[in-house]
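# Report on the structure
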Amino acid sequence: MGLLKQGFVSWLAGVLFLSSLLLCNADVHHYEFFVREVNFTKLCNTTTLLVVNDSYPGPEIRVHRGDTVYVNVHNQGNYGFTIHWHGVKQPRNPWSDGPEFITQCPIQPGTNFTYEVILSDEIGTLWWHAHSDWTRGSVQGAFIILPAENETYPFPTPDADQTIILQSWYNGDYKQIIDQALATGIPPRQPDAYAINGHLGDTYGCPNDTIFRMQVDYEKTYHLRIINAAMNEQKFFSITNHSLTVVAQDASYVQRFTSNYILISPGQTMDVLVYANQNVGQYYMATRPFSDAAAMPVDFITTGVLQYTNSEGGLNASLITLPARNDTSAMNSFVSQIRNSNVTQNPPLNVPTDIDRRVYIAIATNTLPCNTSACLVPNRIVASLNNNSFVFPRIDILQAYYNSTSGVFTEDFPVNPPVFFDFTGNLTGFNTRTNQGTRAVVLNYGEAVEIVLQATNLGGGGSHPIHLHGFSFYWVGRGFGNFNNVTDPGSYNLVDPPLINTVHVPGGGWVALRFFATNPGVWFMHCHFERHSSWGMDTVFIVRNGTTTETSILPPPSGLPRCPGT
C-alpha cells in the first residue's frame, strides 16, 4: 500500500471514529490553576513545594470523551514552568502540549497562560504534570476522561471510581535537587519515601504521617484509576487478598485479565477493577519499586488501606504480597498479558503493515567530562539516544520550526545507531562518550512509522519507560537480546497489539512500535525516568503538514510565553 493511500486510510478511519463521538454533545470546560509554593510536613520534616491550588497531588480534571478543556495557569511561584497533558494527542495543536523548550517557553512568575486541551479518542485515565526540570514531582494531577454521552463501558458499570497516584517524596525542592545534581555531575539523590495520593502510610516511623484510606461497601465493584507519577521508579501495586482486573492502559481499553499485582512504569496509567468480595475488614494496599538495572531504587514499601464500611482492625502487614524489587519474572508475566481489546469503544484497529520510515534507537547512559567549578567528579553522567545526548535550546523548537528560525535545532537525528555493537553483552571497558546536540527526526504527513527501541548495557542498563507525545502507538513487538531486523519482525503481534503512549523497554531487550504520522507538529519523545531525561535521553519527532488545512498545524494561540531574552 502506497504512502498516500496508507495515510488516507488512517486519516479516514480516525475521522469516522471521531465523527461517531461528535454525534454526542461534546462540552467545553474551564479550569483555573494557581501555582505557588506551599509548606507540607511529612516524615516529621517541613518542606516547601511548588503545587497547584495548594494541594499535593493537584486538582483532578474530570471530563467526557471528545470534550475540550481550557486551563488557565497562573504562575504565582518563584520560577518558570510548563504543564503537559500526558497522553492527550492534541490533534494539530502542539502549541498546548507543554514540554519546556520543545513546544513552548516557560510560564514566568507573575504571568499566566491558557492551555487548550483538545480531546479526541482517549478514554479512561490520563494525567497532567509540569514538564520543566523536575517540577512534575509536585505539580501533577489526574485527568479523567469518562465515556461520552450515550457511550457505555465495555464492562459492567462500576459502583464508584477512585484515583490512585503513586509518587516519589523528597524532603526538598524538586527543582533544586536536579539543578544541584546537574551542576556537580553526580546522580540526583534517592527519594526519602514513596506516597499514595500524597500520603506516606505507616511504614516510615513518623507518627504524624497519614495513610490513604479508600472506603468500600461489601459486594460493590470499584474502578481504580492508577497513575505512576513517581520520578524514577517503576512500581508494583497490590491489595491484600483482592484480585485486580486490568481493563485499560494509557486511555485505551485492553483485553481484561486478572492478577494479584500490577507493574506500572512512570508515565503510564492503568484502569483496574477491584471487587469488594472479601470478609468485611481492613486490607492493606501497598506499592514498592521494581528495577532490573545495576543501580537499584531504594526499596521502601508504602501502604494505604482498603476499608470496608463498618469494619475495624484487621490490618496485618505480614499479609502484604508484592513481588521482590528485582523480580523480572513477575514483570514479564504481567507485561506479557497486555493486549488490545476489540471493543467498539476503542478506535478501529489500524496497525501499519507497509512501513515507510524505520527508526532504530539504541538507549544508553554515558559520560562526558565535568569541567565547571561546581563539579565534584571528573566525569559527569549523561544519557543518549543513538549516541546523541539531547540539549534543550533556549527558544522552543515548535516556534523555531513554525517560523523557520535557523540555528535552534537540526534535522539530522540518526535513524540508526552510529555504531553497531553487542548492545546487551558485556560492555566492560567500552567507550562511554557521547555526542550532544538538539537533533530531530522529520516525518512526512501520513507516513507509516516503525520505531525499535533497543535497551543497552552501556552505563547502568535496565528498563526504560519511553513516552511519545502527540500519539498513541501500537506496541507490536518485544524481546530480549539484540533486535534482529530479519527474524524478529516475524514475531510481531499485528492482531491485537496494545495502543499506548508510554512503553516499558525491558532491560537487555527491545520493543517495536508502529503508528501513522497523521498529527502534524513537533512532538517530544523521552525516557520518563526524570534523571534520564534530564541527562539527555530525549529526541523530537517533527511531522510535516499535509496538503490541506485539516492536515496542518493550527495557528499559534495568543499569549504564548515569551522565551528568555526575546
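Small disclaimer: the values here were computed from a predicted structure and weren't measured.

Attention now goes to the pattern of salt bridges. As enumerated under the stated definition, the model contains 17 salt bridges in all. Glu-151 is paired through a salt bridge with Arg-65; the nearest N and O atoms lie 2.4 Å apart. Taken as a pair, Glu-151 in the loop between β8 (140-146) and β9 (160-169) and Arg-65 in the loop between β3 (61-64) and β4 (68-75) lie far apart in primary sequence, 86 residues in all. Judged by its relative accessible area of 3%, Arg-65 falls in the buried class. A salt bridge links Lys-89 to Glu-122, with the shortest nitrogen-to-oxygen separation between them at 3.7 Å. Taken together, the residues span a long stretch of sequence, with Lys-89 in the loop between β5 (83-86) and β6 (112-118) and Glu-122 in the loop between β6 and β7 (124-130) at a distance of 33 residues. Just as Lys-89 is buried, Glu-122 falls in that class too. Linked through salt bridges whose partners overlap, the residues forming this network are Glu-60, Arg-62, Asp-161, Arg-225 and Asp-271.

In this section: the state of the cysteines. One pass over the full model with this rule turns up 3 disulfides. Bridging Cys-44 to Cys-206, the disulfide has an S-S length of 2.0 Å. Across the S-S bond of Cys-44 and Cys-206 the torsion is about 100°, and the bridge reads as right-handed. With Cys-44 in the loop between β1 (28-42) and β2 (45-52) and Cys-206 in the loop between β10 (193-196) and β11 (212-216), the pair connects residues that are 162 residues apart, well separated along the chain. Taking relative accessible area as the criterion, Cys-44 reaches 48% and is therefore assigned partly exposed. Taking only the cysteines that form disulfides and numbering them from first to last, the protein chain has the pattern 1-3, 2-6, 4-5.

With that settled, the discussion passes to the pairing of strand β26 (residues 464-468). Across the 5 residues of β26, 5 count as buried, placing the element largely inside the fold. Both faces of β26 are covered, namely the face carrying His-464, Ile-466 and Leu-468 and the face carrying Pro-465 and His-467. Pairing between β26 and strand β31 (residues 521-527): 3 bridges, direction antiparallel. Following the sheet pairing, His-467 is matched in β31 by His-526.

The subject of this paragraph is the environment of Gly-481. On the secondary structure map, Gly-481 appears in the loop between β27 (473-480) and β28 (499-500). As a C-alpha pair, Gly-481 and Gln-307 span 174 residues in sequence and 44 Å in three-dimensional space. Filtering out sequence-adjacent residues up to four positions away, Gly-481 remains in contact with Thr-424, Gln-454, Gly-508, Gly-509 and Trp-510.

Let us look at the environment of His-74. Relative to the elements of secondary structure, His-74 occurs in strand β4. Distance from His-74 to Gln-454, taken between C-alpha atoms, is 40 Å for residues 380 residues apart in sequence. Not counting the four nearest positions on each side in its chain, His-74 is found in contact with Glu-32, Phe-33, Phe-34, Val-35, Thr-111 and Asn-112.

Of the volumes computed, that of the second largest pocket is approximately 790 Å³. Mapped by element, the contributors of at least two residues to the lining of the second largest pocket are β7, α2 (174-184), β21 (379-385), β22 (388-390), β31 and α5 (530-535). The element that contributes the greatest number of residues to the lining of the second largest pocket is α2, accounting for 5 residues.

What follows concerns the environment of Thr-328. Here Thr-328 lies in helix α3 (residues 328-335). The exposure class assigned to Thr-328 is partly exposed, which follows from its relative accessible area of 33%. Between the alpha carbons of Thr-328 and Pro-506 there is a distance of 9.2 Å; along the sequence they are 178 residues apart. The residues touching Thr-328, leaving out its near neighbours within four places in the chain, are Phe-290 and Asp-292.

Ordered in space as β2-β1-β4-β6, the 4 strands form an open sheet in which the pairing is mixed. A single partner strand is all that each edge strand has here, and the edge strands are β2 and β6. Within this sheet the neighbouring strands show an average axis-to-axis angle of 25°, counted without direction.

Right, let's get into α3. The set of residues buried in α3 consists of Ala-330, Met-331, Phe-334 and Val-335. End-on, the buried residues of α3 take up no more than an arc of 120°, which puts them together on one face. N-cap assignment for α3: the residue whose side-chain oxygen lies 3.2 Å from the backbone N of Ser-329 is Asp-327.

Pro-57 follows Tyr-56 through a cis peptide bond whose omega is -5°. Relative to the assigned elements, Pro-57 resides in the loop between β2 and β3. A positive phi is found at Cys-44, a non-glycine position, where the angle reads about 60°. Backbone geometry places Asp-250, a non-glycine residue, at a positive phi of 55°. By secondary structure assignment, the location of Asp-250 is in the loop between β14 (244-249) and β15 (252-259). By relative accessible area, Asp-250 is classed as buried at 2%.

What counts as what
- Residues numbered from 1 in each chain as written.
- Predicted model: local features only at pLDDT ≥ 70, side-chain atom pairs only at ≥ 80, totals over all residues.
- Heavy atoms only, no water.
- Salt bridge = Lys/Arg side-chain N within 4 Å of Asp/Glu carboxyl O.
- Helix = DSSP H or I, 4+ residues; strand = E, 2+ residues; numbered from the N terminus.
- Buried < 20%, exposed > 50% of the residue type's maximum accessible area, 1.4 Å probe, protein only.
- Disulfide = S-S within 2.5 Å.
- Pairing = 2+ DSSP bridges.
- Contact = heavy atoms within 4.5 Å.
- 1 Å grid on protein atoms, 1.4 Å probe; cavity = no way out; pocket = protein on both sides within 12 Å on 5 of 7 lines; lining within 4 Å.
- Points joined across faces, edges and corners; volume = space filled by probe spheres on them.
- Axes fitted to C-alpha atoms, helices over the stretch in contact; angles between N-to-C directions.
- Arc of directions from axis to C-beta.
- Polar contact = N/O pair within 3.5 Å; in protein donor to acceptor, adjacent residues only side chain to side chain.

Shape descriptors only; they carry no functional weight alone.
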